[in-house]
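Each chain is listed here by its residues.
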Amino acid sequence: MHNRYKKYRSHIPAFCRNTDTALLFLRLFIGTIVLMHNVGKLQDYDDIINTYPALLFNSPQISFTVFSILECLFAVMIIMGLKLRFAAFVMSIGMFLSIFVAIRAKDMTASVLQFVYMGIYIFFTLSGAGRYAFDSNALRRRRHHRKKRYHTSSMIDGKTMDTDEIK
């Protein structure tokens, strides 16, 4: 029993054993914080809309609604690990834009937390989702089906033969 466990653990590099778990925890933690923050913003819609800037659209109402819904969508994608690099890249660009708006308004205290979020999103863009993500499970399943679908060949007496011919 002990040898089987040791054999299983031997092919996984030591630095990868806890990295995937740490990525899962960070994804769940940051995604939940961003999701709860946006749900709170949507609940205080009337108070926030008066001070929200009109960024890409003419009205602040449209800008606020579009950006809040996109942030909620990308937060859920980060939690699930679904297209994480894309979601984190878009969120880091959004954080960069919000830092720029905060600096123009001379509100440096609000931009400190946005710098932290931008750093975490850049980290996710570079690192990926890890093993415990929907994307990695889908890739593993796709590779498994590809291996079953294609026949492998082997050498017997110097001849290349399909495994179906060997049986």
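Basis of the calculations
Residues numbered from 1 in each chain as written. Predicted model: local features only at pLDDT ≥ 70, side-chain atom pairs only at ≥ 80, totals over all residues. Heavy atoms only, no water. Salt bridge = Lys/Arg side-chain N within 4 Å of Asp/Glu carboxyl O. Helix = DSSP H or I, 4+ residues; strand = E, 2+ residues; numbered from the N terminus. Buried < 20%, exposed > 50% of the residue type's maximum accessible area, 1.4 Å probe, protein only. Phe/Tyr/Trp six-rings, centres within 6.5 Å; stacked < 30°, edge-to-face > 60°.

Considering all chains together, one arrives at one salt bridge under this definition. Where K41 meets E71, a salt bridge forms, and the shortest distance between an N and an O atom there is 3.7 Å. Here K41 is found in helix α2 (residues 14-43), whereas its partner E71 is found in helix α4 (residues 60-80), with 30 residues between them in sequence. For K41, a relative accessible area of 15% translates into the label buried.

In this section: the packing of aromatic side chains. One pass over the structure, following the stated rule, counts five aromatic pairs. With a centroid separation of 6.3 Å and an interplanar angle of 20°, the aromatic rings of Y117 and Y121 are classed as stacked. Residue Y117 and its partner Y121 are both found in helix α6 (residues 108-127); the two are separated by four residues, about one turn of the helix. On the accessibility criterion, Y117 (16% relative accessible area) is buried. For the ring pair F123 and F124, a centre distance of 5.9 Å and an interplane angle of 45° mean the geometry is tilted.

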